[in-house]
Amino acid sequence: MFTGIIEAVGTLAELRRQGDDMALTVHAPGLDFSDVKLGDSIATNGVCLTVVALGDKGYTADVSLETLSRTGFAKAKVGDPVNLEKALMPTSRLGGHLVSGHVDGVGEVKSKSSSGRAIEYWIKAPGELSRYIAEKGSIAVDGISLTVNAVQGDVFRLTIVPHTAQETTIARWKPGHRVNLEVDQIARYLERLMQGKAHDSASSSLTLEKLAQSGFL
């Protein structure tokens, strides 16, 4: 689990295709690796990746075909900056919101404009994700915990304060840029719970109908 509070910005130092999937190496001199070991998870642009090798101020992780199909890593290039966050510890402050690192889809920056000292972005989400995005709700964009300030159909607005822009890759976003999106887990679980209740109600109704037809009711 993660919080969406970025600890450092790294750089994709190497991308190695391995059949249908890929291994990537991240150079991250700004990240503290003193408590990182093989097998640990690091959110890389919002994608939970497992460290398979540690090097000098960096790490290597495997990226599966499933991850490539659902994230912006499919079009990643050497030199691209990436937001980094180590996995949440039980004693950590939850400064953002609970983020799993399981990306739901890829969005696209549609516009960028100034609002005082802040920057406003409108981002288009895949249609199937729009129902999970609510005004004043939380969303992880390239691993950054952000607040949705407006929603218009499948497009939503973010207002980015200077500190967040400086400490993440956001300052590099421009129209056409693709971003990894992870919607709020509460919305997903609530939908699944409601679907389960609807299924249970339908099953109960069918059972009562069968009992009535059998003469037991």
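The residue numbering used here restarts from 1 in each chain and proceeds along that chain's sequence as written. Predicted model: local features are reported for residues with pLDDT of at least 70 only, side-chain atom pairs are reported and counted for 80 or more only, and whole-chain, interface and lining totals are derived from all residues. To get the side-chain values, take all heavy atoms of the structure and skip hydrogens and water.

A.B. asks: Explain the overall build of the chain to me, please; I cannot follow it from the model alone.
C.D. replies: We count a stretch as a helix when DSSP gives it H or I for four or more residues in a row; a strand needs E for two or more, and each element gets its number in order from the N terminus. Along the chain, the regular secondary structure elements total three helices and twelve strands. Overall, the C-alpha framework of the chain stretches about 75 × 45 × 40 Å when taken along its three principal axes. Three exposure classes are used, based on accessible area relative to the maximum for each residue type with a 1.4 Å probe and protein chains only: buried under 20%, partly exposed in between, and exposed over 50%. Taken across its 217 residues, the chain has 41% of its residues classed as buried. For the chain, contacts bridging at least 24 residues in sequence account for 67% of all contacts bridging at least 6. For every accessible area listed, the method is Shrake-Rupley and the probe measures 1.4 Å; residues are considered covered only by the protein chains on display. Summing over all exposed atoms, the chain offers an accessible surface of approximately 11800 Å²; the carbon and sulfur share of this is 53%. In what follows, a contact means two residues having at least one pair of non-hydrogen atoms within 4.5 Å.

A.B. asks: Explanation requested: unusual backbone geometry in the structure shown.
C.D. replies: For residues besides glycine, phi is generally negative; the peptide bonds are generally trans as well. For Lys57, which is not glycine, the phi torsion reads 60° and is therefore positive. Within the secondary structure, Lys57 is located in the loop between β4 (47-55) and β5 (58-63). The exposure class assigned to Lys57 is partly exposed, which follows from its relative accessible area of 44%. Not every positive phi belongs to a glycine, and Asp142 is a case in point at roughly 50°.

A.B. asks: Looking at this structure, I do not really get the UniProt feature "domain: Lumazine-binding" (unreviewed entry) in the chain. What am I missing?
C.D. replies: UniProt positions are given in the numbering used here, feature names are shortened, and annotations may be inferred rather than shown by experiment. The UniProt record marks residues 1-97 and 98-194 with the feature "domain: Lumazine-binding" (unreviewed entry), using the residue numbering of this structure. In residues 1-97, helix accounts for 6% and strand for 44%; the two terminal C-alpha atoms are 10 Å from one another. Across residues 98-194 one finds 16% helix and 44% strand; the C-alpha atoms that close the span lie 21 Å apart.

A.B. asks: Just checking my understanding: could you explain the environment of Gly96 for this structure?
C.D. replies: Its location among the elements puts Gly96 in the loop between β6 (81-86) and β7 (105-115). Linking Gly96 and Lys37, residues 59 residues apart in sequence, is a C-alpha distance of 24 Å. Leaving out residues up to four positions away in the same chain, Gly96 has contacts with Thr3, Ile5 and Ser145.

A.B. asks: Could you clarify how one ought to interpret the sheet that holds β4 in this entry?
C.D. replies: Strands pair in a sheet through their backbones, by hydrogen bonds, and they do so in one of two ways: parallel or antiparallel. The strand order β1-β2-β5-β4-β3-β6 describes a closed barrel built from six strands, whose pairing is antiparallel. The sheet shows a mean angle of 45° between the axes of neighbouring strands, taken without regard to direction. Two strands form a pair only when DSSP identifies at least two bridges running between them. Here four bridges tie strand β1 (residues 8-18) to β6, and the two strands are oriented antiparallel to one another. Its bridge partner lying in β6, Thr11 is registered against Pro81. Only the stretch in contact is used when fitting a helix axis, every axis being a line fitted to C-alpha atoms; angles between N-to-C directions are given from 0 to 180 degrees.

A.B. asks: Just to check I follow, could you spell out the packing of aromatic side chains for this structure?
C.D. replies: Classification of ring pairs rests on two measures: the distance between centres of Phe, Tyr or Trp rings, Trp counted by its six-membered ring, which must be within 6.5 Å, and the angle between planes, read as stacked under 30 degrees, edge-to-face over 60 and tilted in between. Counted by the stated rule, this structure contains two aromatic pairs. Relative to Tyr59, the ring of Phe33 lies with its centre 6.2 Å away and its plane at 50°, an arrangement referred to as tilted. Pair noted here: Phe33 is in the loop between β2 (21-27) and β3 (41-44) and Tyr59 is in strand β5, with a separation of 26 residues, a long-range link. A single burial state applies to Phe33 and to Tyr59, both of which are buried. Arranged with centres 5.4 Å apart and planes meeting at 70°, the rings of Tyr121 and Trp173 form a pair that is edge-to-face. Residue Tyr121 is located in strand β8 (residues 118-124), and its partner Trp173 is located in the loop between α2 (162-167) and β12 (178-183); the two are separated by 52 residues in the primary sequence. For the pair shown, Tyr121 and Trp173 are each scored as buried.

A.B. asks: Before we go on, may I ask you to explain the sheet that holds β8 in this structure?
C.D. replies: On the basis of which strands lie adjacent, the closed barrel formed by six strands has the order β7-β8-β11-β10-β9-β12 and antiparallel pairing. Neighbour to neighbour, the strand axes of the sheet diverge by 45° on average, direction disregarded.

A.B. asks: What's the story with the nonpolar core in this structure? I'm lost.
C.D. replies: Most often, soluble globular proteins keep nonpolar side chains buried together rather than apart. Only buried residues count toward a nonpolar core, which is a set of Ala, Val, Leu, Ile, Met, Phe, Trp, Tyr and Cys residues joined through side-chain atoms within 4.5 Å. Counting 23 residues, the largest nonpolar core has Tyr121, Ile123, Ile139, Val141, Phe156, Leu158 and Trp173 as its most contacted members. Elements supplying a minimum of two residues to this core: β8, β9 (138-141), β10 (144-152), β11 (155-160) and β12. One finds Leu31, Phe33, Val51 and Tyr59 within the second-largest nonpolar core, a separate group that totals 22 residues.

A.B. asks: How should I be thinking about the environment of Ala165 in this particular structure?
C.D. replies: Positionally, Ala165 belongs in helix α2. Separated by 123 residues in the primary sequence, Ala165 and Ile42 have C-alpha atoms spaced 21 Å apart. Sequence-distant contacts of Ala165, defined by excluding residues within four places in its chain, comprise Ile160, Ile170 and Ala171.

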